[in-house]
Amino acid sequence: MLGDAEPLVQETMEEIETEGELRKKIVRKTTYQLDENSSMTATKTTTMTTRKLYGKDLSEYEKMDVDELLSQLTPEELDILSREVDPDDELLPPDQRTSYMCDKNPTGPLNRKQLIDHINKLAIETPDRPEMVPYVAGTVRGKKFTAPEKPKTKQEEEIAIDLGDEYEHALTKASEEELVDLAAILGFHSMMNQEQYNNALLGKEQPKLGWNGIAKAYQPKALPFEPPNLTDVEKSIQQVRDDDYGLNCLNFNNIQISDQQFANLFEGLKSNTNLESLSLCNTGMTDRTGILLAGGLSKNSTLRTINVETNNLSPSSLVAIIKSLLSTKYVEEFRASNQRQQTLGNKIEMEITNLLEQNPTILRVGLHLEYNDARNRIACHLQRNLDRTRLQRTGRAPRSCLSGMVTLGPPS
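Residues numbered from 1 in each chain as written. Predicted model: local features only at pLDDT ≥ 70, side-chain atom pairs only at ≥ 80, totals over all residues. Heavy atoms only, no water.

### Digging into the overall build of the protein
Argument step 1. Each helix and strand in the protein was counted, giving 14 helices and nine strands.
Argument step 2. Taking all 412 residues of the protein together, 23% fall into the buried category.
Argument step 3. Relative to all contacts within the protein whose residues are 6 or more apart in sequence, the contacts with residues 24 or more apart total 60%.
Argument step 4. In the structure as shown, the protein presents an accessible area of about 31,400 Å², 52% of it carried by carbon and sulfur atoms. (Helix = DSSP H or I, 4+ residues; strand = E, 2+ residues; numbered from the N terminus. Buried < 20%, exposed > 50% of the residue type's maximum accessible area, 1.4 Å probe, protein only. Contact = heavy atoms within 4.5 Å. Areas by Shrake-Rupley, 256 points an atom, 1.4 Å probe, with all protein chains shown as cover.)

If you want it as structure tokens, here you go:
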């Protein structure tokens, strides 16, 4: 047990400065009085290191005002300071972020070709640095890199399929031509090139190229240009208005027609009873003439094919034209792709789908639809219309039963 007297504490501090660092060595001696004749001393040494800058402790710089120090510098000193500090700001141009400053005046306008030629010439004339170790063919210097093996994904793992002895024997003994034909039948297009696939479909002899062969290039056939459309617009419109018996097909493709001519044509459609096919591709139709077309189709009962592709019709005009087909229900083919607005939108596509599902005579539709639901519903409805038409043609079902199926809902 220690005595009741208080311990005697003595501290000594020694400062040592080396290379900008200030080291403080503190020695603390504590003496405990055990009894009258004996005592015990405990010594504890602590070393503290403090970094110094320009003879001052770093903690003293924390209290300095940086703005006040910068205000005391001259413009030349600020320029020198900015060269030593990299702001690392992507918004600044590179010439303001580097310490290199070029004060030379430009020698002349920039000639890119001359600059590239000079750089190439300089690179060719500059001698290569001699290698410390001479090159020896076939000798690997240093450690050769070996790429680590990547773990196989689920798709890359081999799947063992038991085909049976009969199929296994047939595939093992099959020739390359037979395997190519089998891959073409099953639709494995990535297993063969284009030439092998076409020959397999046409039943031609396969080229001796192998599975990894490259199809040879061939000279394409020079096809003649399509002759210009020489249809007389005014004469044809007058024939439509006069209900000419000999005018069954009218083709105005690639002819720029005025709004007044469109108005006269669509007005004549209301009373025409002989025209069956009308093609107006790339004729400059707009929404104004599209509404007139919808009004003419709503009162015409002889048209079977309508083509208004490559025009400037808006989605609302397409909806109005498709809606007009329900008035007489005689049109079998309607094409209106490649318009001013490439994507119709979900609302317009669903509206077009609902209108086409109410049409019992439409068999072919040419529209670019973005959503799978609309494409699937229209395709199913067109297939039902084709089946109904086939049954009517073959007489396998009463016309009265089939004609009553007008409104069809979405497929289940």
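### Quick word on the confidence of the model for the protein
Argument step 1. With 75% of its residues at a pLDDT of 70 or more, the protein has an overall mean of 80.
Argument step 2. Between residues 398-412, whose pLDDT stays under 50, and residues either more than four places distant or in other chains, the model counts 26 contacts. (pLDDT = per-residue confidence, 0-100.)

### A few points about the nonpolar core
Argument step 1. F252, L280, V308 and F334 are the most contacted members of the largest nonpolar core, which has 44 residues in total.
Argument step 2. If you list the elements that add at least two residues to this core, you get α8 (233-241), α9 (259-269), α10 (287-297), α11 (315-328), α12 (346-357) and α13 (372-394).
Argument step 3. Broken down by element, this core gets its largest block of residues, six residues, from α11.
Argument step 4. Non-local contacts of F334, meaning those with residues more than four positions away in its chain, are made with I306, V308, I321, I322, L325, I362, R364, V365 and G366. (Core = buried A, V, L, I, M, F, W, Y, C linked by side-chain atoms within 4.5 Å.)

### Topic: the pattern of salt bridges
Argument step 1. Going through the model one piece at a time under the given rule, you end up with eight salt bridges.
Argument step 2. Between D259 and R288 there is a salt bridge, and its shortest N-O distance comes to 3.8 Å. With D259 in helix α9 and R288 in helix α10, this pair connects stretches of sequence that are 29 residues apart.
Argument step 3. When its relative accessible area of 34% is taken as the criterion, D259 is described as partly exposed. (Salt bridge = Lys/Arg side-chain N within 4 Å of Asp/Glu carboxyl O.)

### Concerning helix α7 (residues 194-202)
Residues lying three or four places apart along an α-helix face the same way, a consequence of the helix completing one turn every 3.6 residues.
Argument step 1. Every buried residue of α7 is accounted for by Q196, N199 and A200. One side of α7 holds all its buried residues, which, seen down the axis, span an arc of 100°. For α7, the exposed residues lying more than 90 degrees away from the buried face are Q194, L201 and L202.
Argument step 2. Those residues of α7 hidden inside the fold are in contact with α6 (176-186).
Argument step 3. Positive phi shows up at G203, right after α7, with a value of about 75°. (Arc of directions from axis to C-beta.)

### Some remarks on the sheet that holds strand β8 (residues 333-335)
Argument step 1. What the five strands build is an open sheet, ordered β5-β6-β7-β8-β9; its pairing is parallel. With partners counted over all chains shown, the strands left at the sheet margins are β5 (249-251) and β9 (364-366), one partner each. Along the sheet, successive strands turn relative to each other by an average axial angle of 5°, direction set aside.
Argument step 2. The pairing of strand β7 (residues 305-307) with β8 spans three bridges and is parallel. Bridge pairing links T305 to E333 in β8. (Pairing = 2+ DSSP bridges. Axes fitted to C-alpha atoms, helices over the stretch in contact; angles between N-to-C directions.)

### A word on the packing of α8 against α9
Argument step 1. Following both chains from N to C, one finds α8 and α9 inclined at 25°, their axes separated by 8 Å at the closest point. Considered as vectors, α8 and α9 are oriented roughly parallel to each other. Handedness of the α8/α9 crossing: left-handed. The residues of α9 that touch α8, namely those facing V233, E234, I237, V240 and R241, are Q261, N264, L265, E267, G268 and L269.
Argument step 2. Of the residues in the contact of α8 with α9, the class split is five nonpolar, three polar and three charged. (Parallel < 35°, antiparallel > 145°, perpendicular 65-115°, else oblique. Left-handed = near helix turned anticlockwise from the far one by under 90°. Nonpolar A, V, L, I, M, F, W, Y, C, P; charged D, E, K, R; others polar.)

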